[in-house]
Amino acid sequence: MKRREFIINSALAIGGTALLSGCGKKEIKKSENQVVRRKFADIDTPLIALGCMRLPMRNDKVDMVELDKMVEYAMEHGANYFDTAYMYVDGKSENAIGEILKKYPRESFILADKCPAYLVNSQADVRKLCEEQLKKCQVEYFDNYMVHNINKNTLSNYRDNNMYDELVKLKKDGKVKHIGFSFHGDPQMLREVIKEHKWDFCQLQLNYLDWEVINADELYQIADDAGVPVIVMEPLRGGVLCDLPEKAVAKLKQECPDDTQASFGLRWVASKQRVFTILSGMSNFQQLKENVDTFVNYREFSEKELKIAHEIAQIIQSSGAISCTACKYCMEVCPRGINIPAIFGLYNVYKGSNQKSKSFMFVYNYKALDESTRADKCVDCKLCMKNCPQNLDIPKLLKDVQAEVEKVEKETKR
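Predicted model only: the values in this text are computed from it and were never measured.

**Student:** Account for unusual backbone geometry, naming residues and giving values.
**Tutor:** Unlike most non-glycine residues, D90 shows phi in positive territory, near 55°. As for its placement among the helices and strands, D90 is situated in helix 3 (residues 88-91). Unusually for a residue other than glycine, K328 sits at a positive phi of about 75°. With respect to the helices, strands and loops of the structure, K328 is situated in the loop between helix 14 (303-318) and helix 15 (340-351).

Right, dumping it as structure tokens:
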């Protein structure tokens, strides 16, 4: 989506804001049950934060009533860290969270945003985008501001346009308090980026599955060795770790009966001491409440639980699931508009469940996708692979899913 389209979407995004407006600032009714916090720079930060990439939706608009309820519960329990970005929710996220947070005293919450590197063509663009984002979020400064999504495709934008230098200027001007970057590259690139400049923090994808199947352990170690504080994204692997295969569910219930799938995954991430907050994309109040309650009643991860996490990761790997986090970066460049995250999500649910009972629903839900966005419309251009943080061979995987759909269709017709 082009920048102009984002701006138009942002202007049209907010639904029901009249219900939320008011003259004074909202009084925060602090609960006795507060989430645990960790020190970061000059602030105490909640260990759980609301990632605003998957907000509650209603009729293609952000459900402001539900979001208001979520933010209120989070604020009451000390989960006062909110993370948004320019392109989240098709450009609607910044406006939405800004509209909710404007009711609260500015010093009562921590707000993070990101400069979209792919839109930066000059150093001046960094400040221009930041000013635009500040207006959308209705704040005078961001607590944390970062270069968004440094990877092999955006690295030149970041370097050639001196994005770091402009972030430093924004910090000196009081527009941002701390500067960092979010990262979707390989270990060597991370070493280079960390060594090039003095960063206040970095944002990495960490969870107990990626620790086993890709290089999350090495990425974390690089940041830890460099003494760079870490924000975690995708702690539940885009929901994959909340929809475990039956064998994994049975093991978790047997070994950790006091945990939900989500709480187990979040506590695993919190066991990494360089981590100061964990972003979780929560799309309804129940998800937020469960995650907040996990850190209100926080328990340290044990050595035994680390072993169990390893065993569950092995079960997931053997289930045939696709390692997609539904970030949608692939869809930004797909010339055919194929709904890759939805296709892989349906396939993962099918593969990770009792296939005999799920096969009908797998095909039914797949057929419910717009015909022009299904797997068989892939033209194998491989543009999606350049944007994939997980380095997936997306065209091949789409062919695999299509073959599975056809196979299941034949079997159900017998």
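**Student:** Can you tell me about the pattern of salt bridges, naming the residues and giving the values?
**Tutor:** Tallying each qualifying case throughout the model produces 28 salt bridges. With a shortest N-O distance of 2.6 Å, R267 and D259 are connected by a salt bridge. For the pair R267 and D259, a shared accessibility class is recorded, and that class is buried. Residues joined in a network through salt bridges with shared partners are D259, R267, R299 and E305.

**Student:** Before we move on, can you summarise the confidence of the model for the protein with the specific residues and values?
**Tutor:** Across the protein, the average pLDDT comes to 90, with 92% of residues at or above 70. Contacts of residues 11-22 to residues separated by more than four positions or lying in other chains number 18 contacts, the stretch itself having pLDDT below 50.

**Student:** Tell me about helix 11 (residues 246-255), and please be specific about residues and values.
**Tutor:** Residue pairs spaced three or four apart in an α-helix point in one direction, given the helix's 3.6 residues per turn. Taken together, the buried positions of helix 11 are A248, V249 and L252. Down the axis of helix 11, the smallest arc covering the buried residues is 100°, so these residues share one side. Facing away from the buried side of helix 11 by over 90 degrees, the exposed positions are E246, K247 and Q254.

**Student:** Could you give an account of the packing of helix 2 (residues 64-76) against helix 4 (residues 93-101), naming the residues involved and the relevant values?
**Tutor:** As a packed pair, helix 2 and helix 4 sit with axes 10 Å apart at the nearest point and diverge in direction by 55°. When the axes of helix 2 and helix 4 are compared, the pair comes out oblique. The handedness of the crossing between helix 2 and helix 4 comes out as right-handed. Contact with helix 2, carried on its side by M64, L67, D68 and V71, involves A96, I97, E99, I100 and L101 of helix 4 and no other residues of that element. When grouped by side-chain class, the residues that make up the contact of helix 2 with helix 4 number 7 nonpolar, no polar and 2 charged.

**Student:** Could you give me a rundown of the pairing of strand 8 (residues 142-150), with the residues and numbers involved?
**Tutor:** Extensive coverage of strand 8 is indicated by the burial of 9 of its 9 residues. Bridging between strand 7 (residues 110-116) and strand 8 involves 5 bridges; their strand directions are parallel. Paired with C115 across the two strands is V147, which belongs to strand 8. With respect to chirality, the unit in which strand 7 leads through helix 5 (residues 123-137) into the neighbouring parallel strand 8 is right-handed. Strand direction decides the pairing type here: strand 8 and strand 9 (residues 176-183), joined by 6 bridges, are parallel. Considered in strand 9, the bridge of M146 is made with G180.

**Student:** Can you break down the pairing of strand 9 residue by residue, with the values?
**Tutor:** The element strand 9 is extensively covered by neighbouring structure, given that 7 of its 8 residues are classed as buried. Relative to strand 10 (residues 201-205), strand 9 runs parallel, the two being bridged by 3 bridges. The residue of strand 10 that forms the bridge with S182 is Q203. Handedness of the crossover joining strand 9 and strand 10 through helix 8 (residues 187-196) is recorded here as right-handed.

**Student:** Break down the environment of S372 for me, with residues and values.
**Tutor:** Positionally, S372 belongs in the loop between helix 16 (355-368) and helix 17 (383-387). With a relative accessible area of 40%, S372 lands in the partly exposed category. When the C-alpha atoms of S372 and I338 are compared, they prove to be 7.1 Å apart, with 34 residues separating the residues in sequence. Here S372 is in contact with R336 and K377, once residues within four sequence places are set aside. There is a polar contact of 2.6 Å between the side chain of S372 and the side chain of D370.

Cut-offs applied
- Residues numbered from 1 in each chain as written.
- Predicted model: local features only at pLDDT ≥ 70, side-chain atom pairs only at ≥ 80, totals over all residues.
- Heavy atoms only, no water.
- Helix = DSSP H or I, 4+ residues; strand = E, 2+ residues; numbered from the N terminus.
- Salt bridge = Lys/Arg side-chain N within 4 Å of Asp/Glu carboxyl O.
- Buried < 20%, exposed > 50% of the residue type's maximum accessible area, 1.4 Å probe, protein only.
- pLDDT = per-residue confidence, 0-100.
- Contact = heavy atoms within 4.5 Å.
- Arc of directions from axis to C-beta.
- Axes fitted to C-alpha atoms, helices over the stretch in contact; angles between N-to-C directions.
- Parallel < 35°, antiparallel > 145°, perpendicular 65-115°, else oblique.
- Left-handed = near helix turned anticlockwise from the far one by under 90°.
- Nonpolar A, V, L, I, M, F, W, Y, C, P; charged D, E, K, R; others polar.
- Pairing = 2+ DSSP bridges.
- Right-handed = clockwise from strand over helix to strand, strands pointing away.
- Polar contact = N/O pair within 3.5 Å; in protein donor to acceptor, adjacent residues only side chain to side chain.

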